[in-house]
Amino acid sequence: MFKLNNNYLKLPGSYLFSTIGKKVNAYSVANPDKKIIRLGIGDVTQPLAPAIIQALHGAVDEMGRAETFRGYAPDLGYEFLRNAIADNDYKARGCDISADEIFVSDGAKCDSGNIQEIFSLDNRIAVCDPVYPVYVDSNVMAGRTGTYDANTETWSDVIYMPCTAANNFAPELPKETPDLIYLCFPNNPTGATVTKAQLQEWVDYANKVGAVIIYDAAYEAYISETDVPHSIYECEGARACAIELRSFSKNAGFTGVRLGFTVVPKELKCGDVALHGLWARRHGTKYNGAPYIVQRAGEAVYSEEGKTQLKKQVAYYMNNASYIYNGLKEAGFTVSGGVNAPYIWLQTPKGMTSWEFFDYLLENVNVVGTPGSGFGPSGEGYFRLTAFGSYENTVEAVDRIKGVRL
Ligand SMILES: *Cc1c(COP(=O)(O)O)cnc(C)c1O
């Protein structure tokens, strides 16, 4: 008789966004005349930029001719894309990362969930609280997190690093020593970020204690302040302790196209074993590459037209972000984020819980956001709004929220 991977049974409750979906569905069935505005899920809404569409069309045509048809992609990804990434995302920023340290994938969610596989189950992970749920849940599935305490909503073997107003939503070095440290800056869900000097402290700490930092930089394109690092490899010593995850989802609207990459520097070692070799082995065994068509689209992100068009797209969302930020601030809310990230993190008013405020907004102004408590216990009392909607919907949602009498 077969047995299950019982670790899956330890996962608590239903997934945050399915709970939200059910609530919104129930409300809209009961109130079919109401126009609901969704500023909840972190999904883009603007269409793909013309340079990307052109690259996609060109690659599709190539696939239809015998001379230019492509089958399986190379394990690490096509060189034209890895070179473009190395030049534009790294060398141009003074980071010493070469094309053969870049592993092209179909997105950062998979990579952030899969990367734990190359590490022992004995490793202790440290995560920010609140956190992008994938980091924790993928470690739960692997059996690395101990037992769940439903009261505190925490796992016995996970080191939580609270990110609260008191520390400007930037984690402090943990008291217990972790082996794997998940960091995400600019942050989802808080929209907060760290300066290069702050990130350097983490790199120094990881090198001192022999930990690996898994650095999720999915929102890098939204950075507007000059002292905020775009890559962890801007910090000295990061090649020896950090893996970086990137995505084309948020900077280029590829959430439905699917493309991302992971950087594993060759200097990153456990004893004399390079992690690069392990991840290459894993990639080669379990993954057959992002589509050629999509990798060509990724290349177009780095073309001159692509860069110009995508800068505009990011600016469009960031204009929404500042509309939300300023509007809610004017209305008396305590808000943060929205400057280097497309997320606004607001404190729920009048001591409401995150879910109480969710229900309140849904029922009174028909606006959907994300309850902060869904991202971890320190998210309780907070609420996330995203800047990924259309400008018109964003303005209407903010104006509706401003009008409520709390
Ligand atoms: C959106 C997001 C990603 C990107 O995921 P993809 O699989 O590349 O679409 C990764 N990390 C975080 C924190 C995100 O919010």
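Conventions we followed
- By convention here, each chain's residues receive numbers from 1 onward along its written sequence.
- It should be noted that, the model being predicted, local features are given only for residues of pLDDT at least 70 and side-chain atom pairs only at 80 or more, the latter also being counted only at that level, while totals for whole chains, interfaces and linings use all residues.
- As a rule here, side-chain values come from all non-hydrogen atoms in the structure, and water together with hydrogens is ignored.
- Each helix corresponds to a stretch of at least 4 residues labelled H or I by DSSP, and each strand to a stretch of at least 2 residues labelled E; elements are numbered beginning at the N terminus.
- Atoms counted for the radius of gyration: C-alpha only. Globule rule: 2.2 Å times the number of residues to the power 0.38.
- When checking whether two residues touch, look at their non-hydrogen atoms; a contact exists if any pair is within 4.5 Å.
- Positive charges come from Lys and Arg, negative ones from Asp and Glu, while His and the chain ends are left out of the count.
- Where a charge sits is defined by one atom per residue type, namely NZ (Lys), CZ (Arg), CG (Asp) or CD (Glu).
- Whether a residue is near a molecule or strand depends on its heavy atoms: if one lies within 4 Å, it is near.
- Any N or O atom pair separated by 3.5 Å or less is treated as a polar contact, with the protein-specific requirement of one donor-capable and one acceptor-capable atom, and with residues adjacent in sequence counted only for side-chain atom pairs.
- Note on areas: these come from Shrake-Rupley sampling with a 1.4 Å probe, and a residue is covered only by the protein chains present in the view.
- Categorising residues by exposure relies on relative accessible area from a 1.4 Å probe, with only protein chains included: less than 20% of the type maximum marks a residue as buried, more than 50% marks it as exposed, and the intermediate range marks it as partly exposed.
- Two strands pair under a simple rule: DSSP has to find at least two bridges between them.
- Seen with its strands pointing away from the viewer, a crossover is right-handed when the path leading from the first strand over the helix to the second is clockwise.
- Every axis corresponds to a line fitted to the C-alpha atoms, with the helix fit spanning only the stretch in contact, and the corresponding angles, defined between N-to-C directions, vary from 0 to 180 degrees.
- Patch members must show over 30% relative accessible area and no salt bridge, and they are joined within 9 Å when carrying like charges or within 5 Å when they are nonpolar side chains of Val, Leu, Ile, Met, Phe, Trp or Tyr.
- Counted as salt bridges are all cases of a side-chain nitrogen of Lys or Arg within 4 Å of a carboxyl oxygen of Asp or Glu.
- Here is the rule for handedness: rotate from the far helix to the near one, and if that takes an anticlockwise turn smaller than a right angle the crossing is left-handed, while a clockwise turn gives right-handed.
- Any residue outside Ala, Val, Leu, Ile, Met, Phe, Trp, Tyr, Cys, Pro, Asp, Glu, Lys and Arg is labelled polar, Gly included; the first ten of those are nonpolar and the last four are charged.
- The length a helix should cover is 1.5 Å for every residue beyond the first.
- Stacked, tilted and edge-to-face are the three classes assigned to paired rings of Phe, Tyr and Trp, where Trp is represented by its six-membered ring and a pair needs centres within 6.5 Å; plane angles under 30 degrees give stacked, over 60 edge-to-face, the rest tilted.
- Our definition puts a charge over a ring when NZ of Lys or CZ of Arg is within 6 Å of the ring centre and also within 35 degrees of the ring normal.

Asker: It is not clear to me how the overall build of the protein should be interpreted in this structure. Could you clarify?
Answerer: Each helix and strand in the protein was counted, giving 13 helices and 17 strands. In summary, the protein has a C-alpha radius of gyration of 21 Å against a globular reference of 22 Å for 406 residues, a match within 12%. Projected onto its principal axes, the C-alpha coordinates of the protein cover approximately 60 × 55 × 50 Å. Look at the contacts in the protein between residues 6 or more apart in sequence, and 73% of them connect residues 24 or more apart. Averaging the positions of the 37 positive and the 46 negative side-chain charges in the protein gives two centres separated by 3 Å.

Asker: Sorry if this is basic, but what is going on with the site of the ligand here?
Answerer: Neighbouring the ligand are 14 residues; Tyr-219, Ser-247, Ser-249, Lys-250 and Arg-258 lie closest to it. A distance of 2.9 Å separates an oxygen atom of the ligand from a polar atom in the backbone of Lys-109. Ser-247 has a polar side-chain atom sitting 2.6 Å from an oxygen atom of the ligand. In isolation the ligand has 390 Å² of accessible area, and contact with the protein removes 94% of it.

Asker: Help me out: how do you make sense of the pairing of strand β8 (residues 212-216) in this one?
Answerer: If a strand is regular, its side chains alternate between the two faces of the sheet. In terms of residue burial, β8 counts as a mostly covered element, since 5 of its 5 residues are buried. Across the two faces of β8 the burial is the same, with Val-212, Ile-214 and Asp-216 and Ile-213 and Tyr-215 all buried. Sheet topology places strand β7 (residues 180-184) next to β8; 5 bridges connect them, and they run parallel. For Leu-183, the partnering residue across the bridge sits in β8 and is Tyr-215. Handedness of the crossover joining β7 and β8 through helix α7 (residues 196-209) is recorded here as right-handed. The pairing of β8 with strand β9 (residues 242-247) spans 4 bridges and is parallel. Bridge assignment links Ile-213 to a residue of β9, and that residue is Ala-242.

Asker: Sorry if this is basic, but what is going on with the sheet that holds strand β6 (residues 158-162) here?
Answerer: The strands making up a sheet associate through hydrogen bonds between their backbones, and the pairing can be parallel or antiparallel. Taken together, 7 strands build an open sheet; the order of strands is β2-β10-β9-β8-β7-β3-β6 and the sheet is mixed. Looking at the sheet topology across the chains shown, the edges are occupied by β2 (102-105) and β6. The mean inter-strand angle of the sheet, taken between neighbouring strand axes irrespective of direction, is 20°. One ladder, built from 5 bridges, connects strand β3 (residues 125-129) with β6; its direction is parallel. In the strand pairing of β6, Asp-129 is matched with Pro-162. Running at roughly 115° to β2, helix α4 (residues 79-90) makes contact with β2, β9 and β10 (260-263) of the sheet.

Asker: Explanation requested: a nonpolar patch on the surface in the structure shown.
Answerer: Nonpolar side chains collect at one region of the surface, where Met-1, Phe-2, Leu-4, Tyr-8 and Leu-9 lie side by side and expose about 700 Å² of accessible area between them. Here Tyr-8 is to be found in helix α1 (residues 7-10). For Tyr-8, a relative accessible area of 45% translates into the label partly exposed.

Asker: Would you mind going over the pairing of β3 with me for this structure?
Answerer: Burial analysis of β3 places 5 of its 5 residues in the buried class, the great majority of the element. Across the two faces of β3 the burial is the same, with Ile-125, Val-127 and Asp-129 and Ala-126 and Cys-128 all buried. In the sheet, β3 pairs with β7 via 2 bridges, with the strands oriented parallel. Across the sheet, residue Ile-125 finds its bridge partner in β7, namely Leu-180.

Asker: Explain the packing of helix α2 (residues 16-30) against helix α12 (residues 354-365) to me, please; I cannot follow it from the model alone.
Answerer: With their axes 11 Å apart at the nearest point, α2 and α12 run at an angle of 35° to one another. Crossing geometry of α2 relative to α12 is assigned as right-handed. Of α12, the residues touching α2 (which contributes Leu-16, Thr-19, Ile-20, Lys-23, Val-24 and Tyr-27) are Trp-355, Phe-358, Asp-359, Leu-362 and Glu-363. Along the lines of polarity and charge, the residues of the contact of α2 with α12 split into 7 nonpolar, 1 polar and 3 charged.

Asker: I keep staring at α12 and nothing clicks. Help me out?
Answerer: For the α-helix, the turn length of 3.6 residues means that residues three or four positions removed from each other point alike. Along its 12 residues, α12 runs 16 Å from first to last C-alpha, staying within 8% of the 16 Å computed at 1.5 Å per residue. The inward-facing, buried residues of α12 abut α2, β14 (343-347), β15 (367-368), β16 (370-371), β17 (382-386) and α13 (391-403). One or two residues past the end of α12 sits Asn-366, with phi positive at roughly 55°.

Asker: Just checking my understanding: could you explain α7 for this structure?
Answerer: Counted at 1.5 Å a residue, the expected span for α7 with its 14 residues is 20 Å, and the 20 Å between its end C-alpha atoms agrees. Looking at the buried residues of α7, the elements they touch are β6, β7 and β8.

Asker: Please explain the environment of Gly-277 as it appears in this structure.
Answerer: Take Gly-277: it is sitting in helix α9 (residues 275-286). The sequence separation of Gly-277 and Lys-266 amounts to 11 residues, and the corresponding C-alpha distance is 8.3 Å.

Asker: Please clarify how the packing of aromatic side chains should be interpreted in this entry.
Answerer: How two aromatic rings sit relative to each other is given by the distance of their centres and the angle of their planes. Inspection of every chain in the model, using the stated rule, returns 26 aromatic pairs. Geometrically, the ring pair formed by Phe-185 and Tyr-215 is tilted, given 6.5 Å between the ring centres and 45° between the ring planes. In this pair, Phe-185 is assigned in the loop between β7 and α7 and Tyr-215 in strand β8, connecting sequence segments 30 residues apart. Per residue, the accessibility class of Phe-185 equals that of Tyr-215, and both read buried. Aromatic pair Trp-202 and Tyr-205: ring centres 6.2 Å apart, planes at 80°, arrangement edge-to-face. Of this pair, Trp-202 and Tyr-205 are both found in helix α7, 3 residues apart, which corresponds to roughly one turn of the helix. Here the two residues Trp-202 and Tyr-205 agree in accessibility, since each one is buried. Counting every residue linked through ring pairs, the aromatic cluster contains Tyr-90, Tyr-233, Phe-248, Phe-254, Phe-261 and Tyr-302. If you follow Arg-296 out to its NZ or CZ, it ends over the ring of Phe-80, 3.6 Å from the centre.

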